[in-house]
Amino acid sequence: MRITFCLTDTNPLPWLQGFQAAFPDAVIEEWARGSTPADYAVVWAPPQQLFDEQTALKGVFNIGAGVDALAKLRLAANVPVVRLDDAGMSVQMAEYVCHAVIRHFREFDGYEADAAAGKWSYRKPRSREDFPVGVMGLGVLGERVSRALTQFEFPVLGWSRSAKAVEGVRCFSGSDGLNDFLAATRILVCLLPLTPETENILNRDTLSRLLPGGYVVNVARGGHLIDEDMIALIDSGRLAGATLDVFRTEPLPAAHPFWKHPKITVTPHTSARTLRDESIAQIAGKIRALEGGADIGNLPGVVDRKKGY
Ligand code: NDP
Ligand code: OXD
C-alpha cells in the first residue's frame, strides 16, 4: 500500500512518521510532481495537480472537517473524500463558543477594560432569557456546541438543512425555517460548511433579522460573512459586536478593519485545532477498514460530493 501526503501549511514529518508507525509495511511519502500512483492521499488544501496525476486513488482523507478547499478542485467523481469526523475538535469548539458567548453575556470584555484602567465597578446582571443563542449547523460540531450551551441554561436554537431533534434545543430547518430562527436569536453562532448555498449567508439582510443587540460568533469559514455588512451594522448600533475565528483571507491582512475594531474580537483560526494523534488514529482506522473490505458508505465523515460537505 502507498499513501501520499500533501499538507499545505503543515509540517508533514510527524504525520509521515505517525502513519509509518501505523502501517509499517506501507510506502508513506510526501507527494511531489510525478510521484508514483498511490492508493490513498492525505491532504490539506492540495493543488489541482495532485488529482490530475494521482488517478488510482481509492480514497482522499482531509485532515480537517471542512472540505471547501477540496470542493473547488476537479476530482474524479468516483473517488471518496473523507473528512475528519470530530477527532477531538467538537470539545474544543464547545469551549471556544461557550467562552465567546459567556464573555459577551457577562460583559467580561468590559471588566477587562475596567481592570486595565484600575477601576472597580459593577455591571447590572443580565438575564439569560434575553440572550437566546442560535447555532447555524447542527452537525458534528454544531450539535456538541448546542448541547454545551444548554448546560449554561441559555435558550438555544439550532438551524440545519434537514430537520433535527436535539434535546433542549429549539430546532429549525431549511430555507423556510431560517427567518424564524434568526428572528428568535440574539447571539448567532455559525458552524455551517462553506458551500455555494451557505456562502455569504451572514449578510446585511440576515444579520438585520437578529434580535436587537445581536452578536456574531463565526467559527466556520470567512466566506460565510460579508465583512463590510457586519461592520456597518455594528457601527450603527444594530449589532453589539462579534467574535471571529475565520476570515476570507488568512492570515487576516494587517490593514483589515477587524483587527482594530473595539467591538470585534479576532482569533487566528484556532477554535478547533486538528489534533494530530487523534486524526492519525481515525484516518488509519478507516484505511484499515477499507483495506479489510468495508463499504466506504458506512464510514463516518464521507463527504456527499453533491451537497459539498
Ligand atoms: P457537519 O457536516 O457535521 O455539519 C454541517 C451542518 O451544517 C449540518 O447540520 C448540515 O445540515 C448543516 N448545513 C449544511 N448546509 C446547510 C444549508 N444549506 N442550510 C442549513 N444547514 C446546512 O460539519 P462539522 O460540524 O463537522 O463542521 C462544520 C464546519 O465547521 C466545517 O465545514 C468547517 O468549515 C468548520 N470548522 C472550523 C474549524 C475552526 O477551527 N474554525 C475547525 C473545524 C471545522 P444537515 O445536518 O441537515 O446535513
Ligand atoms: C477544519 C478547520 O475544517 O480546521 O477542520 O477549519
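As shown above, the structure is provided for reference.
Residues numbered from 1 in each chain as written. Chains lettered and ligands numbered in written order. Predicted model: local features only at pLDDT ≥ 70, side-chain atom pairs only at ≥ 80, totals over all residues. Heavy atoms only, no water.

A closer look at the pattern of salt bridges
Threshold: The salt bridge definition used is simple: a Lys or Arg side-chain nitrogen within 4 Å of an Asp or Glu carboxyl oxygen. Helix and strand definitions here come from DSSP, where helices need a minimum of 4 consecutive H or I residues and strands a minimum of 2 consecutive E residues; each element is numbered from the N-terminal end.
Within the structure shown, the criterion is met by 12 salt bridges. Here Asp 114 and Lys 119 are joined by a salt bridge, their closest N and O atoms 3.8 Å apart. For Arg 161, the salt bridge identified is with Glu 197, shortest N-O distance 3.6 Å. Residue Arg 161 is found in the loop between strand 7 (156-160) and strand 8 (169-173), and its partner Glu 197 is found in the loop between strand 9 (187-190) and helix 8 (204-208); the two are separated by 36 residues along the sequence. Among the charged side chains, a network of salt bridges with common partners joins Glu 107, Asp 114, Lys 119, Arg 123 and Arg 126.

So, the site of ligand 2
To keep things clear, this is the line we draw: For this purpose, a residue is taken to be near a molecule or strand whenever a single non-hydrogen atom of the residue falls within 4 Å of it. Any N or O atom pair separated by 3.5 Å or less is treated as a polar contact, with the protein-specific requirement of one donor-capable and one acceptor-capable atom, and with residues adjacent in sequence counted only for side-chain atom pairs. In short, Shrake-Rupley with a 1.4 Å probe defines the accessible areas, and a residue's cover is counted only from the protein chains shown. Throughout this entry, Asp, Glu, Lys and Arg are counted as charged residues, while Ala, Val, Leu, Ile, Met, Phe, Trp, Tyr, Cys and Pro are counted as nonpolar. The remaining residues, Gly among them, count as polar.
Around ligand 2, the structure places Trp 44, Gly 64, Ala 65, Gly 66, Met 89, Arg 221 and His 269. Side-chain polar atom of His 269 to an oxygen atom of ligand 2: 2.6 Å apart, as the coordinates give it. In the complex, the protein chains occlude 86% of the 210 Å² of accessible area that ligand 2 would expose alone. Looking at side-chain class alone, the shell around ligand 2 contains 3 nonpolar, 3 polar and 1 charged residues.

Considering the environment of Met 1
Rules: Only protein chains enter the accessibility calculation, which uses a 1.4 Å probe; a residue is then buried when its area is under 20% of its type maximum, exposed when over 50%, and partly exposed in between. By definition, residues are in contact when any of their heavy atoms lie within 4.5 Å.
Tracing the sequence through the fold places Met 1 in the segment before strand 1 (2-7). By relative accessible area, Met 1 is classed as partly exposed at 32%. Not counting residues within four places of it along the chain, the set of residues in contact with Met 1 comprises Phe 23, Ala 26, Val 27, Asp 39, Tyr 40, Ile 287 and Glu 291.

Quick word on unusual backbone geometry
Phi is mostly negative for residues that are not glycine, and the peptide bonds are mostly trans. Looking along the chain, the bond that leaves Glu 250 and enters Pro 251 is cis, with omega of -5°. The residue Pro 251 is located in the loop between strand 11 (239-244) and strand 12 (264-266) in this model. In this structure, Asp 9 is a non-glycine residue whose phi angle is positive, near 65°. Structurally, Asp 9 is set in the loop between strand 1 and helix 1 (13-22). For Asp 9, a relative accessible area of 79% puts it in the exposed group. If you check the backbone angles, Glu 153 has positive phi at about 65° while not being a glycine. When you line up the elements, Glu 153 lands in the loop between helix 6 (140-151) and strand 7.

Some remarks on the sheet that holds strand 12
Note the following rule: Being paired, for any two strands, means DSSP has found at least two bridges between them. A fitted line through C-alpha atoms serves as each axis, taken over the contacting stretch for helices, and the angle formed by two N-to-C directions is quoted from 0 to 180°.
Taken together, 7 strands build an open sheet; the order of strands is 8-7-6-9-10-11-12 and the sheet is parallel. Each having just a single partner strand, strand 8 and strand 12 make up the two edges of the open sheet. Within this sheet the neighbouring strands show an average axis-to-axis angle of 15°, counted without direction. By the bridge criterion, 4 bridges tie strand 6 (residues 133-136) to strand 9 in an arrangement that is parallel. Bridging across to strand 9, Met 136 finds its partner in Cys 190. Each of strand 10 (214-218), strand 11 and strand 12 touches helix 9 (residues 227-235); the most contacted strand, strand 11, lies at about 140° to it.

Things to note about the pairing of strand 7
Across a regular strand the side chains alternate sides, sitting on one face of the sheet and then on the other. To keep it simple, the criterion reads: We call a crossover right-handed when, viewed with both strands directed away from the observer, the connection leading from the first strand over the helix to the second proceeds clockwise.
Counting buried residues in strand 7 gives 5 out of 5 residues, a clear majority hidden from the surface. Neither face of strand 7 is left uncovered, since the one carrying Val 156, Gly 158 and Ser 160 and the one carrying Leu 157 and Trp 159 both have all their residues buried. For strand 6 and strand 7, the ladder comprises 4 bridges, and the chain directions are parallel. Residue pairing in the sheet places Met 136 in a bridge with Trp 159 of strand 7. Chirality of the crossover, the property in question, places the unit of strand 6, helix 6 and strand 7 among those that are right-handed.

Observations concerning the sheet that holds strand 1
The strands that make up a sheet pair up through hydrogen bonds in the backbone, lying either parallel or antiparallel. Pairing is parallel in the open sheet, where 5 strands are placed in the order 2-1-3-4-5. Only two strands of the sheet have a single partner each, and these edge strands are strand 2 (27-30) and strand 5 (81-82). Where strand 4 (residues 59-62) and strand 5 come together, 2 bridges link them in parallel fashion. Residue Val 60 lies in a different strand from strand 5, and its bridge partner there is Val 81.

Observations concerning helix 4 (residues 89-105)
Inclusion rule: Any helix carries an expected span of 1.5 Å times its number of residues minus one.
The terminal C-alpha atoms of helix 4, which comprises 17 residues, lie 24 Å apart, in line with the 24 Å expected from a rise of 1.5 Å per residue. Within helix 4, 14 of the 17 residues are buried, which leaves it mostly tucked inside the rest of the structure.

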